[in-house]
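Residue strings, one per chain:
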Amino acid sequence: HLFRLGNRTGLAPGKTPLEVEKKLLQRIPAPYMVDAHHWLILHGRYVCQARKPRCGSCRIEDLCEFKQKTSDD
């Protein structure tokens, strides 16, 4: 989920999971580090799904760089 979200949203684009992880570690403030991991996983599992993202239900849709947004919920 983290690799897909990092690339899809533009939060931490990278070609490998390790590259995405390193960028996420740089971008996420320390006080949120423990919770951010869970937030991103749950967001990827229930909203930003791999095959059919629920962009209409996404709280960060206006910030997301994913070009192929869907409107289905």
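What you see is a predicted model; the values in this text were computed from it and never measured.

1. Details of helix α3 (residues 33-46)
Link 1 in the chain: Taking 1.5 Å of rise per residue, the 14 residues of α3 would be expected to cover 20 Å, and the 20 Å separating its terminal C-alpha atoms lies within 8% of that figure.
Link 2 in the chain: Turning to α3, its buried residues number three or more, namely A36, L40, H43 and G44. Around the axis of α3, the buried residues are gathered within 95° of arc, so they sit on the same side.
Link 3 in the chain: As for α3, its buried residues are in contact with α1 (2-9) and α2 (17-27).

2. Details of empty space enclosed by the protein
Link 1 in the chain: Inspection of the entire model under this criterion finds one cavity of 30 Å³ or more.
Link 2 in the chain: Each pocket or cavity is described by its volume, and for the largest cavity that value is around 80 Å³.
Link 3 in the chain: In terms of lining residues, the largest cavity is bounded by 14 residues, among which H43, C48, C55, C58 and C64 are the most central.
Link 4 in the chain: By residue class, the composition of the lining of the largest cavity is eight nonpolar, two polar and four charged.

3. Notes on the layout of surface pockets
Link 1 in the chain: In this model, the largest pocket occupies a volume close to 510 Å³.
Link 2 in the chain: Along the walls of the largest pocket sit 17 residues, with L11, I28, W39, L40 and I60 positioned nearest its centre.
Link 3 in the chain: If you list the elements that add at least two residues to the lining of the largest pocket, you get α1 and α3.
Link 4 in the chain: The element contributing the most residues to the lining of the largest pocket is α3, with four residues.
Link 5 in the chain: In this structure, the second largest pocket encloses a volume near 150 Å³.
Link 6 in the chain: Lining of the second largest pocket is provided by L2, E21, L24, L25, I28, M33, A36, H37 and L40.
Link 7 in the chain: Going through the elements one at a time, α2 and α3 are the ones with two or more residues in the lining of the second largest pocket.
Link 8 in the chain: If one sorts the elements of the lining of the second largest pocket by residue count, α3 sits on top with four residues.
Link 9 in the chain: Per-class residue counts for the lining of the second largest pocket are seven nonpolar, one polar and one charged.

Scoring rules and cut-offs
- Residues numbered from 1 in each chain as written.
- Predicted model: local features only at pLDDT ≥ 70, side-chain atom pairs only at ≥ 80, totals over all residues.
- Heavy atoms only, no water.
- Helix = DSSP H or I, 4+ residues; strand = E, 2+ residues; numbered from the N terminus.
- Expected span 1.5 Å × (residues − 1).
- Buried < 20%, exposed > 50% of the residue type's maximum accessible area, 1.4 Å probe, protein only.
- Arc of directions from axis to C-beta.
- Contact = heavy atoms within 4.5 Å.
- 1 Å grid on protein atoms, 1.4 Å probe; cavity = no way out; pocket = protein on both sides within 12 Å on 5 of 7 lines; lining within 4 Å.
- Points joined across faces, edges and corners; volume = space filled by probe spheres on them.
- Nonpolar A, V, L, I, M, F, W, Y, C, P; charged D, E, K, R; others polar.

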